[in-house]
Structures are given as C-alpha cells and as structure tokens.
Amino acid sequence: MPSREGCDVRSQQPLGTKRDQIVDDLRQLIFSGEIRRGERLRQDALAERFQTSITPVREAFRILESDGLVISEPHRGVRVAAVDLARVETIYVLRRLAETYAMRRATVRVSALDMRTAEALVADMERAGSAHDSEQVRRLNRTFHFFFYDRCGMPGLADHIASLWTSFPWDVLLGSPERLRASGEEHREIVRAVRSGDPDAAAAAIENHLREGFLAVTAHLGGDETTDPFDDDLV
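Calculation rules
- Residues numbered from 1 in each chain as written.
- Predicted model: local features only at pLDDT ≥ 70, side-chain atom pairs only at ≥ 80, totals over all residues.
- Heavy atoms only, no water.
- Pairing = 2+ DSSP bridges.
- Helix = DSSP H or I, 4+ residues; strand = E, 2+ residues; numbered from the N terminus.
- Contact = heavy atoms within 4.5 Å.
- Axes fitted to C-alpha atoms, helices over the stretch in contact; angles between N-to-C directions.
- Salt bridge = Lys/Arg side-chain N within 4 Å of Asp/Glu carboxyl O.
- Buried < 20%, exposed > 50% of the residue type's maximum accessible area, 1.4 Å probe, protein only.
- Expected span 1.5 Å × (residues − 1).
- Polar contact = N/O pair within 3.5 Å; in protein donor to acceptor, adjacent residues only side chain to side chain.

Student: Outline the sheet that holds strand 1 (residues 40-41), supporting the account with residue identities and numerical values.
Tutor: The three strands are arranged 1-3-2 in an open sheet whose pairing can be described as antiparallel. Both edges of this open sheet fall to strand 1 and strand 2 (70-73), since each of them pairs with a single strand only. For strand 2 and strand 3 (residues 77-80), the ladder comprises four bridges, and the chain directions are antiparallel. Paired with Glu73 across the two strands is Gly77, which belongs to strand 3. Packing against the sheet, helix 4 (residues 54-66) makes contact with strand 1, strand 2 and strand 3, and its axis sits at approximately 115° to strand 2.

Student: Run through the pattern of salt bridges, naming residues and quoting values.
Tutor: Applying the stated criterion across every chain, the model contains 20 salt bridges. Close ionic contact of Asp20 with Arg19 constitutes a salt bridge, the shortest N to O distance being 2.8 Å. Among the residues examined, Arg19 registers a relative accessible area of 29% and is labelled partly exposed. As a salt-bridge pair, Arg79 and Glu73 come within 3.0 Å of each other at their nearest N and O atoms. A residue is classified by how much of its surface remains accessible, and Glu73, at 18% relative accessible area, is buried. Each of Arg96, Arg211, Glu212 and Asp228 takes part in one network of salt bridges that share partners.

Student: Summarise helix 6 (residues 112-130); cite the residues concerned and give the values.
Tutor: Taking 1.5 Å as the rise per residue, helix 6 with 19 residues should run 27 Å; its terminal C-alpha atoms sit 28 Å apart, in good agreement. Buried-residue contacts for helix 6 involve helix 7 (134-149) and helix 10 (177-195).

Student: An account of the environment of Asp67 is needed here, citing residue identities and associated values.
Tutor: Tracing the chain through its elements places Asp67 in the loop between helix 4 and strand 2. Here the alpha-carbon distance between Asp67 and Phe168, two residues 101 residues apart in the chain, equals 9.0 Å. Excluding residues that lie within four positions of it along the chain, Asp67 makes contacts with Arg27, Arg87, Thr166 and Ser167.

Student: Tell me about the side chain of Asp171, residues and numbers included.
Tutor: Along the chain, the position of Asp171 falls in helix 9 (residues 170-173). Of the residues examined, Asp171 reaches a relative accessible area of 19% and is grouped as buried. A polar contact of 2.8 Å, which involves the side chain of Asp171, links it to the side chain of Arg37. The residues contacting Asp171, other than those within four sequence positions of it, are Ile30, Phe31 and Arg37.

Student: Tell me about the environment of Ser163, and please be specific about residues and values.
Tutor: Locating Ser163 in the fold gives a position in helix 8 (residues 155-165). Taking the C-alpha atoms as reference points, Ser163 and Asp67, separated by 96 residues in sequence, lie 8.5 Å from one another.

Student: Which residues make up the pairing of strand 3, and what are the values?
Tutor: On strand 3, burial follows the alternation: Val78 and Val80 on one face are buried, whereas Gly77 and Arg79 on the facing-out side are not. In terms of strand pairing, strand 1 meets strand 3 through two bridges, oriented antiparallel. Bridging across to strand 3, Leu41 finds its partner in Val78. Remark: three residues form the turn of the hairpin made by strand 2 and strand 3, two consecutive strands paired antiparallel; His75 in that turn has positive phi of roughly 65°.

Student: Mind laying out helix 5 (residues 85-107), listing which residues take part and the relevant values?
Tutor: The terminal C-alpha atoms of helix 5, which comprises 23 residues, lie 32 Å apart, in line with the 33 Å expected from a rise of 1.5 Å per residue. For helix 5, the N-terminal cap is Asp84; the gap from its side-chain oxygen to the backbone nitrogen of Ala86 is 3.0 Å.

Student: I'd like to hear about unusual backbone geometry, residue by residue, with values.
Tutor: Although it is not a glycine, Gln51 sits at a positive phi angle of roughly 55°. On the secondary structure map, Gln51 appears in the loop between helix 3 (43-49) and helix 4. A residue is classified by how much of its surface remains accessible, and Gln51, at 73% relative accessible area, is exposed. Here the phi dihedral of His132 falls at roughly 60°; this positive angle occurs in a residue that is not glycine. Position of His132 relative to the elements: it lies in the loop between helix 6 and helix 7. Using a relative accessible area of 72% as the deciding quantity, one classes His132 as exposed.

Now the structure itself:
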C-alpha cells in the first residue's frame with residue numbers, strides 16, 4: 001500500500017472548486033516556508049499564479065483567515081498571520097484530547113499488514129528527513145498519523161482532527177532538524193505501542209509525541225518550553 005502523505009489520500013482527492021485548490025496550495029506554501037509569516041498576499045498576483053479570477057482567491061482568503069493562517073487588515077490587504085501562542089495552546093489541547101481517543105480506538109482495529117505499512121511510512125519519513133526534504137516530511141507525517149486516525153471507526157472524529165491540523169504551525173515545528181530526529185523515535189514508539197495491542201500504551205505514546213511537539217513550538221516562539229497545559233498543577 002503506498003504512503004498516504006507522501007501521497008496523501010486527502011490531498012489527492014479531487015478538490016471541488018478552484019477556491020479549494022487555492023486554499024490547499026496556499027496552506028502548503030505557508031507550511032513549507034515558501035510564503036513566510038508576515039508576508040503580504042496580493043490577490044492579483046495570486047490570481048495570476050493560479051490562473052484564475054480574483055473571486056476564488058478572495059474566497060480562499062476567508063477560509064484561511066478562519067483557520068488563523070492569514071489576517072485581513074483594513075486598507076492594508078491580507079498577510080500571513082504570525083503564530084499566536086495562545087491559539088497554538090488551544091489547538092494542542094483539542095488535538096491531544098481527540099487524537100489520544102482516536103489512537104485508542106485505532107489500536108484495537110489495525111491489522112498486522114497495517115502495521116507493516118505504518119513502519120514503512122516511518123522509514124520513508126526518516127529518509128526524507130535525511131535528505132532535508134521538509135515538504136515530504138510534512139506530507140509523510142500527516143499520512144502516518146491519519147493512517148491510524150482513519151482506522152478509529154469514527155470518520156467524523158478523523159475529520160475533526162483534520163480540521164485542527166489545518167491551524168497548527170507545521171512550518172515552525174517541522175523546520176527544526178533536532179525536532180525531526182526526536183519525532184522519528186517518537187513515531188517508532190507509537191508503532192511499537194500499537195503493535196503491542198495495548199490502547200493505554202498507544203495513548204501514552206501519542207500524548208508524549210504531541211506534548212514534545214507543542215513544547216518545541218513554544219520554545220521556538222519564546223515561551224516557557226516546559227509548561228504543558230495538561231500538567232496537574234495547571235489543570
């Protein structure tokens with residue numbers, strides 16, 4: 001079975017409109033760093049780039065603004081939003097609640113063949129990291145996670161997680177070589193836990209992975225790199 005985020009099933013599905021294609025492409029450009037945080041987005045230039053009229057570009061901006069990826073400023077146009085640490089914290093909390101539950105459910109539903117595919121995805125991700133191909137790493141990372149979430153038996157839960165992923169600052173997280181190396185071992189721990197058939201172990205592995213990713217983003221943004229909203233003394 002081919003890799004899903006190296007060839008992401010969700011991103012390969014036919015996009016319904018030109019607007020949807022522009023939304024998807026702009027997300028990828030922002031998360032890859034090709035379009036940088038704070039950069040102004042000109043409607044006419046993007047319409048020319050995507051060979052379309054201004055209307056679908058304007059509609060795409062509205063969707064991306066609701067995701068927190070762009071911001072519209074009166075008389076100044078649209079620019080890529082800076083990363084808001086408070087928003088990231090909220091998304092992290094929601095992701096950890098949803099993804100932990102999805103992983104518990106997926107653990108008792110995956111097959112031995114599924115696990116071989118998951119291991120192959122981790123190996124593909126590590127090769128992409130060694131080649132410094134951050135865009136491929138990002139795609140494979142998503143494929144790896146949704147390989148499990150899509151097997152949780154609740155399609156609506158997987159869709160909810162997907163909506164949270166659109167707002168997480170992957171350009172910050174996956175741009176760090178140190179984080180990429182640590183993430184690789186965390187992915188392998190997730191595979192080991194799921195292969196054991198223990199939902200509690202799988203939940204603990206995904207919780208640790210999400211926590212370490214959140215703390216890496218926090219450190220990058222200059223916040224307290226040791227503070228987790230799930231710490232007992234903060235709940």
